[in-house]
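Report on the structure
Each chain, written out:
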Amino acid sequence: QVQLVESGGGLVQAGGSLRLSCAASGHTDSAYAVGWFRQAPGKEREFVAAINGPGSSTYYRDSVKGRFTISRDNAKNTIDLQMSSLKPEDTAVYYCAAVYNRGGVVVAMTRYDYWGQGTQVTVSS
């Protein structure tokens with residue numbers, strides 16, 4: 001069983017930065033791919049970024065490329081999402097998710113087995 005706990009959300013002005021962290025516990029190691037997703041009020045949950053188990057491959061949705069960076073430290077069992085140049089449209093609850101996968105990144109939300117409780121990110125204009 002894998003447990004995920006997000007932290008680092010908050011209120012920030014447009015153009016600012018936040019760093020989200022996902023702490024993983026249980027049977028987590030470099031065999032687990034991890035993704036960050038977000039859900040804005042009244043909208044469906046959407047993919048944001050993903051990283052493979054070893055941390056050697058990443059993938060981003062187009063709207064966050066160049067602004068967000070996903071990284072992981074398998075020794076500490078943490079997966080971070082560094083967000084810069086934040087925009088009001090980035091406002092959402094952000095979730096991290098994990099799936100056992102020895103291949104590359106996993107983008108499809110339906111493939112993920114384990115989810116955190118989410119952390120709120122609010123970007124004011």
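Quick notes on the rules
Residues numbered from 1 in each chain as written. Predicted model: local features only at pLDDT ≥ 70, side-chain atom pairs only at ≥ 80, totals over all residues. Heavy atoms only, no water. Core = buried A, V, L, I, M, F, W, Y, C linked by side-chain atoms within 4.5 Å. Buried < 20%, exposed > 50% of the residue type's maximum accessible area, 1.4 Å probe, protein only. Helix = DSSP H or I, 4+ residues; strand = E, 2+ residues; numbered from the N terminus. Contact = heavy atoms within 4.5 Å. Phe/Tyr/Trp six-rings, centres within 6.5 Å; stacked < 30°, edge-to-face > 60°. Lys NZ or Arg CZ within 6 Å of the ring centre and 35° of its normal.

What to know about the nonpolar core
Across soluble globular proteins, you tend to see nonpolar side chains buried next to one another. Counting 28 residues, the largest nonpolar core has W36, L81, M83 and Y94 as its most contacted members. If you list the elements that add at least two residues to this core, you get β1 (2–7), β3 (18–26), β4 (32–39), β5 (46–51), β7 (68–73), β8 (78–83), β9 (92–100) and β11 (119–124). Not counting chain neighbours up to four residues away, the residues in contact with M83 comprise G16, S17, L18, L20, R67, F68, Y94 and V121. Counting eight residues, the second largest nonpolar core, distinct from the first, contains A33, F37, V99 and Y112.

Some remarks on the packing of aromatic side chains
The final tally for this structure, using the stated rule, is seven aromatic pairs. For the ring pair Y32 and Y100, a centre distance of 5.4 Å and an interplane angle of 80 degrees mean the geometry is edge-to-face. A residue pair is termed long-range when its members are at least 10 positions apart, and Y32 in strand β4 and Y100 in strand β9 qualify at 68 residues. Of the residues examined, Y32 reaches a relative accessible area of 10% and is grouped as buried. Here Y100 falls in the partly exposed class, since its relative accessible area comes to 47%. The interplanar angle of 80 degrees and the centroid separation of 5.3 Å between the aromatic rings of F37 and Y112 together place this pair among those described as edge-to-face. Linking F37 in strand β4 with Y112 in the loop between β9 and β10 (114–115), this pair joins segments that are 75 residues apart in sequence. On the basis of relative accessibility, which here comes to 5%, the residue Y112 falls in the buried class. It is R45 that lies over the ring of Y95; its NZ or CZ is 3.7 Å from the centre.

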